[in-house]
Amino acid sequence: MCPLYQDLATDLMVYSLVRQVERKDAMAMAKLGCMYGRGDRVSRNLEQAFYWSMMAAKRGIDSAQYIVGTMLYNGEGTQRDEAAAAKWYLKAARRGFIPAQGYLGAMYIFGMGVDQNYVEAVFWLTKATEKNHVQAQYLLGWCYRDGCGVRQDHAKAVHWYRRAALGGSRDAGAHLAWMYQHGLGVDRSPFLAFNWFHKAAIEGNPDAQNILGAMYRTGKGLVYQDSNQALEWFSKAALQDHPLAMFNLSMLYGEDGDLKNTTLAATWLQVAVSTLVDGDPTYVLKGQGFAQ
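What you see is a predicted model, and the numbers here were worked out from it, not measured in a lab.

A. Spotlight on the pattern of salt bridges. Considering all chains together, one arrives at seven salt bridges under this definition. Between Arg19 and Glu22 there is a salt bridge, with the nearest N and O atoms lying 2.7 Å from each other. Remark: Glu22 and Arg19 occur in helix H1 (residues 15-22); sequence separation between them is three residues, near one turn of the helix. Arg19 sits in the partly exposed class, given a relative accessible area of 35%. The residue Arg217 makes a salt bridge to Glu255 at a minimum N-O spacing of 2.6 Å.

See below:
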């Protein structure tokens, strides 16, 4: 028996799957790839997961094409290759596979594996939003906010941010809060801004955590000045490698008061600079951060 799936034969419940794979059944190959990827009834083996997913993808199984794209993008079970990932996402997207459409749109936004093309990004993101893909809704809101690939329209940005936020996107919730904070596409509302920032911060969004920390540090945005609360939220964001929060922590430790600690102030300043130099210095420019 082929060693690639000989361990499956010991499980009578999947014996029929083995037989289907031997008959070159594409869907069975896709299922086998998923089993290896999850470690379901077999030892988890990402190389085998990629192999069988690729076999299925070449036979036109859209879900397998999406998995191959994801594994190539992440470098799981194979060498990382963004360009190859984009090609497989495209194949699955053209077949109407919604997650692939969403990821392909994101790759066009940031120029990952493809030439940056906002028009193409909006095309695929719109396709995905038709089936309520939350991440696509969030990114489409970002496109409308900044006028990337579409005419700038803050009201539409708010619409898509709200749809995504209600669908569970903490990132969309943070951006929706920012729109309420500045009155873009919606009436300015410090109350709703704070509520959405707080919700996104609790859910772990580092941008919202940083802004919430800034609110507590200055006493603006419906909260009293509270250095301890500011410290808590800046720290949560900084521990997620948020450079602006690191700078804010440095400033907080450098101020006169109970938290003053010049050693920590210098340390966080150094870490912040190192993060921007060694990490992604275009963090804010890509729309993933707020310049507050």
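Let us keep going from here.
B. A look at the state of the cysteines. Tallying each qualifying case throughout the model produces zero disulfides. Here Cys148 stays free of any disulfide, with the sulfur of Cys143 as its closest cysteine sulfur at 5.9 Å. With relative accessibility at 11%, the residue Cys148 sits in the buried group.

C. Examining the packing of aromatic side chains more closely. For the structure shown, the criterion picks out nine aromatic pairs. Judged by centre distance (5.3 Å) and plane angle (45 degrees), the rings of Tyr66 and Phe97 are tilted. Here Tyr66 is found in helix H4 (residues 62-74), whereas its partner Phe97 is found in the loop between helix H5 (82-94) and helix H6 (98-110), with 31 residues between them in sequence. Given the relative accessible area of 18%, Tyr66 is considered buried. Residues Tyr138 and Tyr161 carry aromatic rings whose centres are separated by 6.1 Å and whose planes lie at 35 degrees to one another, so their mutual orientation is tilted. Within this pair, whereas Tyr138 is found in helix H8 (residues 134-146), its partner Tyr161 is found in helix H9 (residues 154-166), the two being separated by 23 residues in sequence.

D. Focus on H8. For H8, spanning 13 residues, the distance from its first C-alpha to its last is 19 Å, which sits close to the expected 18 Å at 1.5 Å a residue. Here H8 lies mainly inside the structure; ten of its 13 residues are buried. Contacts from the buried residues of H8 go to H6, helix H7 (118-129), H9 and helix H10 (170-182). The first or second residue beyond H8 is Gly147, which carries a positive phi of 70 degrees.

E. The arrangement of a nonpolar patch on the surface in detail. A contiguous nonpolar patch, built from Phe191, Leu192 and Leu222 and spanning about 290 Å² of accessible area, is present on the exposed surface. Mapped onto the elements, Leu192 comes out in helix H11 (residues 190-202).

F. A look at the environment of Glu82. If you trace the backbone, Glu82 turns up in helix H5. Using a relative accessible area of 24% as the deciding quantity, one classes Glu82 as partly exposed. Beyond its immediate stretch of four places on either side in the chain, Glu82 contacts Tyr73, Met107, Met112 and Gly113.

G. How the structure looks around unusual backbone geometry. Notably, Lys24 is not glycine yet its phi reads approximately 65 degrees, a positive angle. Structurally, the position occupied by Lys24 is in the loop between H1 and helix H2 (26-38). For Asp241, which is not a glycine, the phi torsion comes out positive at approximately 65 degrees. Relative to the assigned elements, Asp241 resides in the loop between helix H13 (227-238) and helix H14 (243-254).

H. Broad picture of the confidence of the model for the chain. Across the chain, the average pLDDT comes to 90, with 90% of residues at 70 or higher. Here residues 281-292 scores under 50 on pLDDT; set against residues more than four positions off or in separate chains, the count is 36 contacts.

Definitions and limits used
- Counting starts from 1 at the beginning of each chain's written sequence and moves along it residue by residue.
- Local features in a predicted model are, by the rule used here, given only for residues with pLDDT of at least 70; side-chain atom pairs are given and counted only at 80 or more, and totals for whole chains, interfaces and linings are based on all residues.
- Side-chain measures were taken over the full set of non-hydrogen atoms in the model, leaving aside hydrogen atoms and water.
- In the sections that follow, a salt bridge refers to a side-chain nitrogen of Lys or Arg positioned within 4 Å of a carboxyl oxygen of Asp or Glu.
- Counting from the N terminus, the helices are DSSP H or I runs at least four residues long and the strands are E runs at least two residues long.
- Only protein chains enter the accessibility calculation, which uses a 1.4 Å probe. A residue is then buried if its area is under 20% of the maximum for its type, exposed if over 50%, and partly exposed in between.
- Two cysteine sulfurs form what is called a disulfide whenever their separation falls within 2.5 Å.
- Between rings of Phe, Tyr and Trp, where Trp is taken as its six-membered ring, a pair exists when centres lie within 6.5 Å; planes separated by under 30 degrees are stacked, by over 60 edge-to-face, and by other angles tilted.
- Here, expected helix span is obtained from the residue count minus one, scaled by 1.5 Å.
- It only takes one pair of heavy atoms within 4.5 Å for two residues to be counted as in contact.
- Surface patches are defined over residues having more than 30% relative accessible area and no salt bridge, joining like charges when they lie within 9 Å and nonpolar side chains (Val, Leu, Ile, Met, Phe, Trp, Tyr) when within 5 Å.
- Accessible areas in this description were obtained via Shrake-Rupley with a 1.4 Å probe; residue shielding takes into account the shown protein chains only.
- Across the chain, each position has a pLDDT score giving the predictor's confidence in that residue, from 0 to 100.

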